[in-house]
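Coordinates in review
Okay, here's what each chain looks like letter by letter:
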Amino acid sequence: AQRVTQPEKLLSVFKGAPVELKCNYSYSGSPELFWYVQYSRQRLQLLLRHISRESIKGFTADLNKGETSFHLKKPFAQEEDSAMYYCALSGWDRDDKIIFGKGTRLHILP
Amino acid sequence: DGGITQSPKYLFRKEGQNVTLSCEQNLNHDAMYWYRQDPGQGLRLIYYSQIVNDFQKGDIAEGYSVSREKKESFPLTVTSAQKNPTAFYLCASSIMAGGVYEQYFGPGTRLTVT
């Protein structure tokens, strides 16, 4: 079954500390992986995706095919990182739909 | 102001009434989607449309209906058959059909049914 698991509903991290939001997936094949973010009173938006290999707002995510994980990391948390983060995956066919995890709320403590 | 709009922001209805949520986009995107967002449940796909005059059921389509008569518009009707309609509804679009394309989300409509 295709599935995205985010084991933490809530993650509290002190400002300046490293952040790691966990994401594990189950998929028969090689999917594309995403992280979407929803800041308070803002729309859900794409943060980054695996194929781009970019660092956005200091965040990176590495695809580990052996562990089927796509954890989101940032070395030094900032208060503006507080938000809801969703990991997601999709196959590459036109009929494939994106599958979202249940989300992790990141709370940066001052 | 380009993008995807949803109206109204808040909607209140009595149980037993059908209600239609609006979603409009001026991004010239082919594909449009409706999601339901509940606390602790993430985003669940209700319906999606890959092209005008075509739409498919998502994972939780029961009690909902849609139409796609224009490329720009993808309204969602929450019918009285939906057993638990109170939720936050998100509309999204992508340039083409397929989950690999970035989805652009609207601001959402919070529906409360009493």
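First, a word on scope: everything that follows refers to the structure included in this document.

Some thoughts on the interface of chain B and chain A
Residue-level contacts link 22 residues of chain B with 21 residues of chain A. The largest share of the area that chain B buries against chain A comes from B:Gly99, B:Val100 and B:Phe105, three residues that together contribute 30% of it. Put simply, chain B and chain A have 0 salt bridges between them. Across the chain B-chain A interface, the total number found is 12 residue pairs in polar contact (both at pLDDT 80 or more).

Description of the sheet that holds strand β3 (residues 19-25) of chain B
All names here are of chain B. If you trace the 4 strands from one edge of the open sheet to the other, you get β1-β3-β8-β7, paired in antiparallel fashion. Edge positions in the sheet fall to β1 (4-7) and β7 (64-66), since each has one partner strand and no second. Strand-to-strand twist across the sheet, computed as the mean angle between neighbouring axes with direction ignored, equals 20 degrees. Strand direction decides the pairing type here: β1 and β3, joined by 4 bridges, are antiparallel.

Quick word on the packing of aromatic side chains
Tallied over the full model, the rule gives 12 aromatic pairs over all chains. Taking the centre distance of 5.5 Å and the plane angle of 65 degrees together, the rings of A:Tyr36 and A:Phe100 count as edge-to-face. Of this pair, A:Tyr36 sits in strand β5 (residues 32-38) while A:Phe100 sits in strand β10 (residues 99-100); the two residues are 64 residues apart in sequence, bridging distant segments of the chain. There is no split in this pair, since A:Tyr36 and A:Phe100 are both buried. Judged by centre distance (6.4 Å) and plane angle (20 degrees), the ring pair of B:Tyr33 and B:Tyr48 falls under stacked. Of this pair, B:Tyr33 sits in strand β4 (residues 31-38) while B:Tyr48 sits in strand β5 (residues 42-51), and the two are 15 residues apart along the sequence. Cluster of aromatic residues (ring-pair linked, three or more members): A:Phe34, A:Tyr36, A:Tyr86, A:Phe100, B:Tyr33, B:Tyr35, B:Tyr48 and B:Phe105.

Thresholds, definitions, all that
Residues numbered from 1 in each chain as written. Chains lettered and ligands numbered in written order. Predicted model: local features only at pLDDT ≥ 70, side-chain atom pairs only at ≥ 80, totals over all residues. Heavy atoms only, no water. Contact = heavy atoms within 4.5 Å. Buried area = accessible area lost by both parts, 1.4 Å probe. Salt bridge = Lys/Arg side-chain N within 4 Å of Asp/Glu carboxyl O. Polar contact = N/O pair within 3.5 Å; in protein donor to acceptor, adjacent residues only side chain to side chain. Pairing = 2+ DSSP bridges. Helix = DSSP H or I, 4+ residues; strand = E, 2+ residues; numbered from the N terminus. Axes fitted to C-alpha atoms, helices over the stretch in contact; angles between N-to-C directions. Phe/Tyr/Trp six-rings, centres within 6.5 Å; stacked < 30°, edge-to-face > 60°. Buried < 20%, exposed > 50% of the residue type's maximum accessible area, 1.4 Å probe, protein only.

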